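Residues per chain are reported as follows:
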Amino acid sequence: MVKQHGWYPYEFQSGTTVAVAGDDYVVVASDTRLTENYSIQSRTHSNVYKMHNNSLLLSTGFLGDVLTLKKTLDGRIKTYEYTHNKPISTPALAQMISIMMYGRRFFPYYTNTIITGLDTDGKGCVYGFDPVGSMTQQLYACEGSAMPLILPILDANILGKNTSKPGQVKRTKEETVKMIKDIYMAACERSVELGDAVVVHTLTKEKGIETDVHPLRKD
Amino acid sequence: MALACTLGFKSNDDFNRSLQSEKTDNHIDEFCPKLNIENIAQFITLPPYADPAQYMKMVNDNVDRIRIQFLKGTTTLAFKFRNGVMVAVDSRATAGGFIASGEVKKVIEINPYLLGTMAGGAADCAFWERVLARHCRIYELRNKEKISVAAASKILANMVFEYRGMGLSMGTMIVGWDKRGPGLYMVSDDGERISDNMFSVGSGSIYAYSILDATYKYEMSTADAIDLARRAIVHAAHRDAASGNIVRIYHMKETGWEKIEEKDTNDYMYQFREDKTMNF
């Protein structure tokens, strides 16, 4: 492909992440395939990053910006804890991410991030961001290369949108994990950038973070 | 944070230190000066290339599968009438051709008597209106009276003018009630700030204007005004692909704003089709 001579600082490493908030839990999942322009760089790279305040950051897009964002955030979280003498809550962290990402409005972090955790009442919360920090609180979120495949399934399963039975369907933690695994297995049949394995983390107040790795197609 | 600002303390200072003492704790400032939005010029990183607007346009145009898509908002309207100001917005956010969200809050509640709407880049509107909220609060603390709508919109227009030409995308309406009565100003990213009785901003504004111009009267009753605002958004949502989902209506009164409703535009469209009660 002929490219004009210039400076191209961004790359796009694929990865798909899903987050679902429940009444007292949050389930997040990521595939573990890292591709760059149709070649697979890694089969064991998860897009979920654990932050110091027990929130989970999911970030896809350009890996360089994802790692820098994670590193800078870690520092900010520690600074917050030292100045305020308590760990930062997930809603406050979401607002901090929003203005941090807007600080790079003219040279954005090329990442689609989601921050998840339990809020101060113990309820699960999911916040989604666009590359310049527009924050929205959501019941569930999906970002990444297979988002157009997975998001409609989540709309139908969780909120019953456009189905014969509209309305939210409440699920337990285990049912949500099973649903997400099924969704990834279906999506990887039709997406080249999805595969290898799906890592599912469940965050609850009592047990903290539980991890489950489920293998997917490797081709 | 606001009180410390009013009194002249730097935000990282301990409250026990006096104003005269030398700031010795410079380490925290060096580590994270940029989270402090008191000095916006320091907070927003300058890009390493000359023309940000041009570069972002290039990246958006799909260079080598890289597409940075920002969330863009779409039909908003506001008009003054006998009993205050009526504000109505849709709730769809698109990123390129993909509907990223159907539940975006496009009315930003700055404080109980000031509202700002969001059209254009979602992050731009949300961020600058948050900075505006901070300025309004500090004004209120320093002057012991509520800020006027004219002053609030001027603050926003001046802040955004500093970044003119760099690719911000923001078309917002500042709505409020101050001692001069109801106020409605439209502020956009090129620093434009105008006041009028009726505005609509966004990709669906052309459809909303036609409905508004057909039946708008200043002497409308509140119920008629709600109906007009609702119809304008519903028709815009019907014809504009980038608008839709939920219509939210707010009424700005002397006692502050009140949220009237938030319902699905699709359901209303079916209702209007059967109704046929619009009289021109």
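As recorded by an unreviewed UniProt entry, chain B carries the name Proteasome subunit beta and is attributed to Rotaria magnacalcarata. The record held by UniProt for chain B lists under Catalytic activity (unreviewed entry) the comment "Cleavage of peptide bonds with very broad specificity."

In the annotation of an unreviewed UniProt entry, the entry for chain A reads Proteasome subunit beta, and the organism field reads Rotaria magnacalcarata. According to UniProt, the comment filed for chain A under the heading Subcellular location (unreviewed entry) is "Nucleus".

A. Structural view of the UniProt feature "active site" (unreviewed entry) in chain B. Residue and element names in this part refer to chain B. With numbering matched to this structure, UniProt assigns "active site" (unreviewed entry) to Thr74. Note on placement: threonine 74 falls in the loop between strand S1 (72-73) and strand S2 (76-81). A relative accessible area of 3% means that threonine 74 is categorised as buried.

B. Seen up close, helix H1 (residues 63-84) of chain A. With 22 residues, H1(A) extends 31 Å from end C-alpha to end C-alpha; this agrees with the ideal 32 Å at 1.5 Å per step. In the stretch just after H1(A), A:Asn85 is the one whose phi turns positive, near 60°.

C. Representation of the packing of aromatic side chains within the structure. Across all of its chains, the model carries 13 aromatic pairs over all chains by this definition. Plain terms: the ring middles of A:Tyr102 and B:Phe127 are 4.2 Å apart, the flat faces sit at 15° to each other, and that makes the pair stacked. Highlighted residues: A:Tyr102 in helix H2 (residues 90-102) and B:Phe127 in helix H5 (residues 122-143), drawn from two different chains. Here A:Tyr102 matches B:Phe127 in class, with each residue buried. With centroids separated by 5.8 Å and ring planes inclined at 20°, the aromatic side chains of B:Tyr268 and B:Phe272 adopt a geometry described as stacked. Pair noted here: B:Tyr268 and B:Phe272 are both in helix H9 (residues 265-275), with a separation of 4 residues, about one helical turn. B:Phe272 sits in the buried class, given a relative accessible area of 9%. Taken together, A:Tyr10, A:Phe12, A:Phe62, A:Phe107 and A:Tyr110 form an aromatic cluster joined through their ring pairs.

D. Representation of the pairing of strand S10 (residues 140-144) of chain A in the model. All names here are of chain A. Counting buried residues along S10, 5 of its 5 residues qualify, which places the element largely inside the surrounding structure. In S10, alternate side chains face the same way, and those of Tyr140, Cys142 and Gly144 on one face and Ala141 and Glu143 on the other are all buried. As judged from the 5 bridges shared by strand S1 (residues 16-21) and S10, these two strands associate in the antiparallel manner. When the bridges of S10 are listed, valine 18 appears paired with cysteine 142.

Calculation criteria
Residues numbered from 1 in each chain as written. Chains lettered and ligands numbered in written order. Predicted model: local features only at pLDDT ≥ 70, side-chain atom pairs only at ≥ 80, totals over all residues. Heavy atoms only, no water. UniProt positions renumbered as here; feature names shortened; annotations may be inferred. Helix = DSSP H or I, 4+ residues; strand = E, 2+ residues; numbered from the N terminus. Buried < 20%, exposed > 50% of the residue type's maximum accessible area, 1.4 Å probe, protein only. Expected span 1.5 Å × (residues − 1). Phe/Tyr/Trp six-rings, centres within 6.5 Å; stacked < 30°, edge-to-face > 60°. Pairing = 2+ DSSP bridges.

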